[in-house]
Amino acid sequence: MCGIVGAIAERNVVPILLEGLRRLEYRGYDSAGVATLDDARHLQRVRAVGKVQALAEQLAEQPIAGRLGIAHTRWATHGAPSVRNAHPHVSGNEVALVHNGIIENYKELRAELTELGYVFESETDTEVVAHLIAHQLEREGDLLAAVQSAVARLIGAFSLGVICRREPGRLVAARQGSPLVIGIGIGEHFIASDVFALLPVTQSFVFLEEGDIADISRSGFTIFDHSGRAVQRPQAVSAQSAGVADKGPYRHYMLKEIFEQPTVIADTLEGRIHDGRLLESCFGVGASALLDQVRQVHIVACGTSYHAGLVARYWLEELGVPASVEVASEYRYRDPVIAPGTLFVSISQSGETADTLAALRGAKARGCLGSLAICNVPESSLVRESGLVLMTRAGREIGVASTKAFTTQLVALRLLSIALGRRHALTLEREQLLVSELTALPAQVEAALALNKDIERLAEAFADKHHALFLGRGTQYAVAMEGALKLKEISYIHAEAYAAGELKHGPLALVDPTMPVLCVLPDNALQEKVVSNLQEVRARGGELFLFADAGLDVHFEGSGVHLLRVGPVSDSIAPVVFTVPLQLLAYHVAVLKGTDVDQPRNLAKSVTVE
Ligand code: AGP
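Keep in mind the model is a prediction, meaning the values are calculated, not measured. (Residues numbered from 1 in each chain as written. Predicted model: local features only at pLDDT ≥ 70, side-chain atom pairs only at ≥ 80, totals over all residues. Heavy atoms only, no water.)

Undergrad: Teacher, can you tell me more about the packing of aromatic side chains here?
TA: Working definition: an aromatic ring pair is given by the centre-to-centre distance plus the angle between the planes. Applying the stated rule across the entire model yields three aromatic pairs. Here the aromatic rings of Tyr331 and Phe344 are separated by 5.6 Å at their centres, their planes lie at 55 degrees, and the arrangement is tilted. Residue Tyr331 is found in helix H10 (residues 328–331), and its partner Phe344 is found in strand E20 (residues 342–348); the two are separated by 13 residues along the sequence. With a relative accessible area of 1%, Phe344 lands in the buried category. An angle of 50 degrees between the planes, with centres 4.6 Å apart, marks the rings of Phe462 and Phe545 as tilted. Of this pair, Phe462 sits in the loop between helix H16 (452–459) and strand E23 (467–472) while Phe545 is found in strand E26 (residues 543–549), placing the two residues 83 residues apart along the sequence. By relative accessible area, Phe545 is classed as buried at 1%. (Phe/Tyr/Trp six-rings, centres within 6.5 Å; stacked < 30°, edge-to-face > 60°. Helix = DSSP H or I, 4+ residues; strand = E, 2+ residues; numbered from the N terminus. Buried < 20%, exposed > 50% of the residue type's maximum accessible area, 1.4 Å probe, protein only.)

Undergrad: What's the story with the site of the ligand in this structure? I'm lost.
TA: Residues in contact with the ligand amount to 15 residues; listed here are only the nearest, Ser305, Ser348, Gln349, Thr353 and Glu489. Glu489 places a side-chain nitrogen or oxygen 2.7 Å from an oxygen atom of the ligand. Relative to its unbound accessible area of 410 Å², the ligand is 91% covered by the protein chains. Those elements giving two or more residues to the shell around the ligand turn out to be helix H9 (303–318) and helix H17 (475–491). Looking at the shell around the ligand residue by residue, the class counts come to five nonpolar, eight polar and two charged. (Near = heavy atom within 4 Å. Polar contact = N/O pair within 3.5 Å; in protein donor to acceptor, adjacent residues only side chain to side chain. Areas by Shrake-Rupley, 256 points an atom, 1.4 Å probe, with all protein chains shown as cover. Nonpolar A, V, L, I, M, F, W, Y, C, P; charged D, E, K, R; others polar.)

Undergrad: Would you mind going over the UniProt feature "domain: SIS" (unreviewed entry) in the protein with me for this structure?
TA: Taking the UniProt record as the reference, the feature "domain: SIS" (unreviewed entry) is found at residues 287–426 and 458–600. End C-alpha to end C-alpha, residues 287–426 measures 18 Å, and it is 44% helix and 20% strand. Within residues 458–600, the helical portion is 36% and the strand portion 22%, while the C-alpha atoms at the span's ends are 22 Å from each other. (UniProt positions renumbered as here; feature names shortened; annotations may be inferred.)

Undergrad: Help me out: how do you make sense of the sheet that holds strand E27 (residues 561–566) in this one?
TA: Adjacent strands of a sheet pair through backbone hydrogen bonds, lying either parallel or antiparallel. Taken in spatial order, the five strands line up as E24-E23-E25-E26-E27 in an open sheet, and their pairing is parallel. Looking at the sheet topology across the chains shown, the edges are occupied by strand E24 (494–499) and E27. Taking the axes of each pair of neighbouring strands and ignoring which way they run, one obtains an average angle of 20 degrees across the sheet. Two strands pair when backbone bridges link them, and E26 and E27 are joined in this way by six bridges, in the parallel orientation. In the sheet register, Leu546 faces E27, and the bridge partner there is Leu563. (Pairing = 2+ DSSP bridges. Axes fitted to C-alpha atoms, helices over the stretch in contact; angles between N-to-C directions.)

This is the structure we're talking about:
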């Protein structure tokens, strides 16, 4: 999703801005741009469609410089990806601005500003803000006051970086629903939508809070809250390393991240289990007392993280813990009944997903007992706003299609189910068994990765397909959903997952020899029922791809059955292990199709708009 970088310094900031944009590339975008105020007080702007490299090439032809500047990667919402719609947007030669998020009342404002004589060059909601600030600047003569007045009129979730021709020593930033951070240098300051963009220039950050507007100069900054009161926000030092993850021997980040799973799963368990038991201190100070009061759990997340939540519901219920799971975009607009003793659990790789954050805020406002974030980014909004935190330790995930973040989420959720299960139906013996199976997980995932070559061959059968069905039951239904999402995201093949028992209630009509049907079949109480469901597929001539536990005795007559043996794996960790071959399948199909594996079309890594 869109990325913002801004800088005010004594040196030319264009290289800093460009490097910042490169570091935000993983978020997904379709155009990029940069604007500076040069020493002759001219606003200069260069924009390009496509990758940041295209912008760099454009800048080589048309160099600009300045000690004050803003830059942006745009993920199109209002108006197609084009140079005209790319940020920064300007109003005359006075104001330039970059914007993340959505201005919901832009149509009314556009009509009003058009009436006042402002001419619009783009189809974006952003340009409205540029003109609105320019208009206020005319009236108030001060950039900070102009931004404050303009922001007061905006409805929506956004963050902004603004510069103007008449104030060369000022960068103004605003946050309302979309993350923004100030980077602190020596005699220079920066802004960005993600600390990672600024790590080459600073490790010290101040995170703006909702409604904050920052007035930033080379020597300092002042933050004003939504009421205009000057406030202090805590300074944090990032523990992240500045190094950009490289692909190592792998062709894509996604493949590298798939192969990192044994390590990051072990990291996620590290220090959290001892002597065959879970250490509850991993949830933070005071967690045990809070967990004692939990009567039920609301799990809320989006996309892949939601699939992790679906798996967790089975795990929690099996141990007697009432649990519901919902996508955040629905939960936030329902009127969920939050009964006494409800723990709100959010799951998010980025910790910045707009819907998940809104759902958390809503649950807190409705008086949930407590909130727990399962997240991969320590400095994220979700982590900062949640009472308890269980970090996944997947390391930076660059591929837009989430892989290692998902499996480490499952590990974290398994730990949560043990913690809550202890207070319900989980016995000491069973806890010890679950913990020992968790400990075996890195080796089990390693074994699943060894199937890579077999899966690469299987992928050939998918590359020319337009549709695919994924089947599973129990926790594996959620795994099938995740496998279908991975295939859709990076290979652009339409894939849908069904609970295998639902097949005969409709989707069976789709089955013919051209429809690949993939089924995940671990060794558990539901396996015979799944095999019966698969007979229905075979009877209709469907081509079957069966990822089955190596301990199972399964045979299907005739051709058109591809059997991949996984494990054997115990059922408690099977969702993690069976996910791996599905990730590899999606990856190899995408490679065969020649898609942009790490940055698939239309998608963003961090979905900061609703
Ligand atoms: C996963 O492959 C997707 N890119 C997407 O579904 C993602 O899981 C979703 O947007 C939620 O993101 P989050 O985990 O950062 O909240």
